[in-house]
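The lines below spell out each chain.
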Amino acid sequence: MTSSNTKAKFNGGKALVGNFFSLKAIPATDWAAGTTQTFYIYSQLATKYLYQIKCSAPVLKATGLPALSCTQVQDNSATGTNVKYEVALTLINMSGATVKASGPGIPFSISVATLGGA
């Protein structure tokens, strides 16, 4: 999702359960190479206690670099927005090409961990 507070449109309205997920970054508008976009996911572990989220993406043969990278992660349940289960992921497109809004997106995976208290 590319808008905050859109859990109803994410994964059938259900927050993810677990700590490892395979997802696709599908932008709402064309996403130019070298630029960032913020995507929103919903995880039941996002309860103000997230302390580590690791993103990984397929490595491009031409460059040896991942197709995208996380530049910022924020547990929005712990911010002034207080959106239950929401995690904002700011990703940079490192694919070397524009990712079309109508295209298949870029696959990536995330793993999450908490300090407890969840």
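Higher on the page you've got the structure.
Residues numbered from 1 in each chain as written. Predicted model: local features only at pLDDT ≥ 70, side-chain atom pairs only at ≥ 80, totals over all residues. Heavy atoms only, no water.

Draft legend 1. Representation of the sheet that holds strand β4 (residues 68-75). Here three strands make up an open sheet; going across it, the order is β2-β5-β4 and the pairing antiparallel. At either end of the open sheet lies a strand with only one pairing partner, and these are β2 (36-42) and β4. Going from strand to strand, the sheet's axes swing by 25 degrees on average, the running direction of each strand aside. Sheet topology places β2 next to strand β5 (residues 86-93); seven bridges connect them, and they run antiparallel. Directly across from Q37, in β5, lies its bridge partner L91. (Pairing = 2+ DSSP bridges. Helix = DSSP H or I, 4+ residues; strand = E, 2+ residues; numbered from the N terminus. Axes fitted to C-alpha atoms, helices over the stretch in contact; angles between N-to-C directions.)

Draft legend 2. Up close: the pairing of strand β1 (residues 20-25). Residues F21, L23 and A25 of β1 are buried on one face, while the alternating residues F20, S22 and K24, pointing to the opposite face, are not. Direction of pairing for β1 relative to strand β6 (residues 106-114): antiparallel, over a ladder of six bridges. When the bridges of β6 are listed, A25 appears paired with I106. (Buried < 20%, exposed > 50% of the residue type's maximum accessible area, 1.4 Å probe, protein only.)

Draft legend 3. Broad picture of the environment of K54. Secondary-structure assignment places K54 in strand β3 (residues 50-56). Exposure remark for K54: the relative accessible area of 53% places this residue in the exposed category. Taking C-alpha positions, K54 is 16 Å from I106, a pair spaced 52 residues apart along the chain.

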